[in-house]
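Residue-level listing of the chains:
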Amino acid sequence: MVHIPLGLRLQGNSELTISSLVRSWIQCDDNNYSFSLGASICWAIWKARNKKVFENKNINVQGILKIAFYWFNLYFNPHDDSESGFLPQHRTQDPSPPATWSAPSTPFIKINVDASWKNGVYACAAIARDHMNVCRGAGTRIGMCEVPVFAEADGFLLAAELTIWLNLQEIIIEGDSQIVVKSLTDANYRVPWRIWKLKDDTKLLLAGIKSSTVKYIPEKANSAAHSLADYAYLNKVQAMWTSSNLPSDIASLWIEAT
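Residues numbered from 1 in each chain as written. Predicted model: local features only at pLDDT ≥ 70, side-chain atom pairs only at ≥ 80, totals over all residues. Heavy atoms only, no water.

J.: Looking at this model, I keep getting lost on the overall build of the protein chain. Mind explaining?
T.: When helices and strands are tallied, the protein chain shows 9 helices and 8 strands. Residue pairs in contact within the protein chain that sit at least 24 positions apart in sequence constitute 68% of those at least 6 positions apart. Taken as a whole, the protein chain presents about 14600 Å² of accessible surface, with 55% of it coming from carbon and sulfur. (Helix = DSSP H or I, 4+ residues; strand = E, 2+ residues; numbered from the N terminus. Contact = heavy atoms within 4.5 Å. Areas by Shrake-Rupley, 256 points an atom, 1.4 Å probe, with all protein chains shown as cover.)

This is the structure in C-alpha cells:
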C-alpha cells in the first residue's frame, strides 16, 4: 500500500499540514488555479522523491519546478504551442490546406467535424458526404467539458463512431482543430492530457476499417459541420441519422453553407 504523507507538516510552520494546505487550495475561488498548481508541484516533488529512493537520482529543485509547471500548463493551457506542439527536432511545415470544401474522390466518403462550446457545455457534429456532395449520414452529441479542445476531440470520435454505424470502409475525416488533427496523426506530438482517451478511442475505431485519413482544413472550409454543431448546441440535439431519415431542417443547414 502506498503511503501518502498528507499528515506531514511544513518546515517552519508546525501548525500547517499538507492536508490543511490542500483544503485551503480547494477553497480558493480561482477556477482551481491554486489547487492545480499546488497539486502539480506536490506530484513533481513526490516523483523526484521516488527517483531518489528507488533509483538514487539526485533531486534538482529547478527540474522539479520545470516538470510541475509543465503539468500545470497542460491543464490550463491546452492550446499553448509551447506545451502541446511539436518536439523541437520534429517541427515541420504543413502544406497549405484548401480554402473551400471539396468533395472526395470515389469511393471515399468525407466526414467533416466541428464543435460549438460555451460556458462548459458543448455540441459536436459530424457530416458524411460522398463524391456527389450527397449526405450519407450525420450525427451530433451534447456534452460538458472545461475547454474547447475536448469538444473538438469528441467530434473526431463521433466521426469514427458514425463511420462504424454507417458501415463505411474508406473515409477522410476533416476538422479545423490543428491540435486534434496533430494528436491523431503525429506520433511526436505532445497531446494535451485532457484528450488522451478520446484520441486513443478514435484511433482504435479507425484501425478497424479499410482506409482512413485525418486532415486539417480551415474553419471557412468547414462551414457545414460548423452550422450543424451550432444547431445542435442551440437546440440540444443529440442523434445519428442516415440519408433516409435525415430531418429536412438538418439537411438544409449545409445546403445553405455550401
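J.: Honestly, the sheet that holds strand S4 (residues 121–129) in this entry has me stumped. Any pointers?
T.: Backbone hydrogen bonds hold the strands of a sheet together, and the pairing may be parallel or antiparallel. One open sheet accounts for 6 strands, arranged S7-S6-S3-S4-S5-S8; its pairing is mixed. The open sheet is flanked by strand S7 (211–216) and strand S8 (239–242), the only strands paired with a single partner. Strand-to-strand twist in this sheet, taken as the mean axis angle between neighbours without regard to direction, amounts to 15 degrees. Contacting strand S3 (109–118), S4, strand S5 (135–144), strand S6 (170–175), S7 and S8, helix H5 (residues 148–165) crosses the sheet at an angle of about 35 degrees to S4. (Pairing = 2+ DSSP bridges. Axes fitted to C-alpha atoms, helices over the stretch in contact; angles between N-to-C directions.)

J.: Help me understand empty space enclosed by the protein, please; the structure alone is not making it clear to me.
T.: Gaps between atoms show up when a probe of the same size as a water molecule is rolled over them. If you walk through the whole model with that rule in mind, you get 1 cavity of 30 Å³ or more. For the lining of the largest cavity, the secondary structure elements donating two or more residues are H5, helix H6 (178–185) and helix H7 (196–206). (1 Å grid on protein atoms, 1.4 Å probe; cavity = no way out; pocket = protein on both sides within 12 Å on 5 of 7 lines; lining within 4 Å. Points joined across faces, edges and corners; volume = space filled by probe spheres on them.)

J.: Just checking my understanding: could you explain the pairing of S5 for this structure?
T.: The side chains of a regular strand alternate between the sheet's two faces. With 7 of 10 residues buried, S5 is to be regarded as a mostly interior element. Sheet topology places S4 next to S5; 9 bridges connect them, and they run antiparallel. Bridging from a neighbouring strand, Val121 pairs with Met144 of S5. Counted along the chain from S4 to the antiparallel partner S5, the turn is 5 residues long, and its residue Asn133 has a positive phi close to 65 degrees. Pairing of S5 with S8 involves 4 bridges; the strand directions are antiparallel. Residue pairing in the sheet places Gly139 in a bridge with Met240 of S8. (Buried < 20%, exposed > 50% of the residue type's maximum accessible area, 1.4 Å probe, protein only.)

J.: Quick question: what am I supposed to make of the pattern of salt bridges here?
T.: Between side chains of opposite charge, a pair can form when the charged atoms approach closely. Per the counting criterion, the structure on display carries 8 salt bridges. In this structure, the salt-bridge partner of Glu55 is Lys57, at a minimum N-O distance of 3.3 Å. Given a relative accessible area of 43%, Lys57 falls into the partly exposed group. Arg141 is the salt-bridge partner of Glu161, the closest N and O atoms lying 2.7 Å from each other. One end of the pair, Glu161, is in helix H5; the other, Arg141, is in strand S5, with 20 residues separating them in the sequence. Judged by relative accessible area, Arg141 falls into the buried class, the value being 19%. Linked through salt bridges whose partners overlap, the residues forming this network are Arg141, Asp154 and Glu161. (Salt bridge = Lys/Arg side-chain N within 4 Å of Asp/Glu carboxyl O.)

J.: Can you walk me through the nonpolar core in this structure?
T.: Note that soluble globular proteins tend to have their nonpolar side chains buried in a common cluster. Membership of the largest hydrophobic core comes to 34 residues, with the highest contact counts inside it found for Ile111, Phe156, Ile171 and Ile173. Examining the composition of this core, we find that 9 residues originate from one element, H5, more than from any other. Counting residues in each nonpolar core, the second largest holds 17 residues, with Ala125, Cys135, Leu228 and Ala251 among its members. (Core = buried A, V, L, I, M, F, W, Y, C linked by side-chain atoms within 4.5 Å.)

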